[in-house]
Every structure is written in C-alpha cells, then in structure tokens.
Amino acid sequence: MLVKKAEVMFLKAIECCPDVAMKAHMNLALVYKTRAESLASGGNNMEGAKAAISDAAKQLESAKPLLMFEHGDDDDADSNRYAAQYKPLRIQCHRLKGQILAGMGDYESCRAEFQQAADQFPDVPGVWNMLARILDLMGKTDEAAQAHAKASALLNGTT
C-alpha cells in the first residue's frame, strides 16, 4: 500500500513539477525495480516482474536527459548524487530483466538485454560477464569467450 502511494506521488510530481521530475523519475524507477524483485521472487509472477522492470527502465531513460542537463551543477549536490546513481541502477535493471527473461526460458531475449547493457556500458566488466554467462548457457562458446576476454581485459586494465 505504501509503495502504491509513493508511485502515485512520483507520477504526480512528474506531471506537475518539472523542477523535481528528474528525481521523481529516478525514485519511480526504484519503486518499479523493487516491485519487479518482489514479483520475481520464487518465480510466481514472472510476467508481472518483466513488466515492472521494463517500467523501471523506461523511468530511467526518461530521467537520463534531465540528469545530463542538471549533472555538473556544483551548486546542486543532490542532483549530482542522483546523476551518479543512474549508471549502477540502469545496470541493475538490465541484470534483473535478463534474469527474469532467463527464468522464463527466453534466452535469446536475455542475451539481447545483456548485449544492450554491454553496448550501453562497455567499460563495466560485470555486464560482459552477464553476457558471457548467457552465451555459455546458449552454447555459443566462441562468443562467450570473447565476452569473458573483454571482462578480463577491463579488470586487468588492458583494454
């Protein structure tokens, strides 16, 4: 019930208060991510979890241009803190959506989600490891080896 009230408040803030829209989008993404985690727990409602994590990703993408505009304003440490949270939260959403898709048996969509993460965040070893794991599971060992090598190179600083 409390999460539903928070969702309504953030949606209203986005609609009527442009000065707080970025923060509302980011917080709404957290609400939807939490909902997705809850729905995916135990595998009871994977379709609902997939919808919720997709909603979280949409909120983050809506926040992104606002973050880019506000980030870098040294006078607004709060906005800078939100901007710094974008990348890790977006990666978490990619990871959770991929896990949900794999749990539903949709390995190709999982691979596509992890590939999108690697394309969006090529400097993060963890996204390459996520991609490598699903490629291994799909029997695409050559592609998996390339993804593992990319993750290792990033970890070793040899890219």
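As the structure is a prediction and not an experimental result, all values here were calculated from the model.

Here Gln120 lies in helix α5 (residues 107-120). Measuring from C-alpha to C-alpha, the distance between Gln120 and Pro88 comes to 12 Å, with 32 residues separating the pair along the chain. Apart from residues no more than four positions distant in its own chain, Gln120 is found in contact with Glu61, Lys64, Tyr86, Arg90 and His94. A polar contact is formed between the side chain of Gln120 and the side chain of Tyr86, at a distance of 3.4 Å.

Attention shifts here to the confidence of the model for the chain. Detailed conclusions should not be drawn from predicted coordinates in areas where pLDDT is low. When pLDDT is averaged along the chain, the result is 91, and 92% of the positions lie at 70 or above. Averaged over each element, pLDDT in the chain is lowest for helix α1 (residues 2-16) (85) and highest for α5 (98).

Moving on: the nonpolar core. In terms of nonpolar packing, the biggest core is built from 43 residues, with Met26, Leu67, Val127, Trp128 and Leu131 touching the most fellow members. Listed by contribution, the elements that provide at least two residues to this core are α2 (21-40), α3 (46-70), α4 (77-103), α5, α6 (125-137) and α7 (141-156). At nine residues, the largest contribution of residues to this core is made by α4. Beyond its immediate stretch of four places on either side in the chain, Leu67 contacts Met22, Met26, Tyr82, Ala83 and Tyr86.

With 27 residues, α4 should reach 39 Å at 1.5 Å per residue; the first-to-last C-alpha distance of 39 Å fits that figure. A maximum bend of about 35° is found in α4 at Tyr86, where proline Pro88 lies one to four positions downstream. Backbone geometry just after α4 places Gly105 at a positive phi near 85°.

Bringing α5 into the picture now. Since the α-helix advances by 3.6 residues per turn, residues separated by three or four positions end up pointing in the same direction. Its 14 residues place the ends of α5 20 Å apart at the C-alpha level, agreeing with the 20 Å of an ideal helix rising 1.5 Å per residue. The complete set of buried residues in α5 reads Cys110, Arg111, Glu113, Phe114, Ala117 and Ala118. Along the axis of α5, the buried positions cluster into a sector of 160°, meaning they face one direction only. Of the surrounding secondary structure, the elements contacted by the buried residues of α5 are α4 and α6.

Looking at the element boundaries, His94 is found in helix α4. Classification of His94 by relative accessible area gives buried; the value is 0%. Excluding residues that lie within four positions of it along the chain, His94 makes contacts with Glu113, Phe114, Gln116, Ala117, Gln120 and Phe121.

By secondary structure assignment, the location of Ser38 is in helix α2. With 11 residues separating them in the primary sequence, Ser38 and Ala49 have C-alpha atoms 7.6 Å apart.

Here is what the cut-offs are and how they apply
Residues numbered from 1 in each chain as written. Predicted model: local features only at pLDDT ≥ 70, side-chain atom pairs only at ≥ 80, totals over all residues. Heavy atoms only, no water. Helix = DSSP H or I, 4+ residues; strand = E, 2+ residues; numbered from the N terminus. Contact = heavy atoms within 4.5 Å. Polar contact = N/O pair within 3.5 Å; in protein donor to acceptor, adjacent residues only side chain to side chain. pLDDT = per-residue confidence, 0-100. Core = buried A, V, L, I, M, F, W, Y, C linked by side-chain atoms within 4.5 Å. Buried < 20%, exposed > 50% of the residue type's maximum accessible area, 1.4 Å probe, protein only. Expected span 1.5 Å × (residues − 1). Bend = angle between axes of the 7 residues up to and from the residue. Arc of directions from axis to C-beta.

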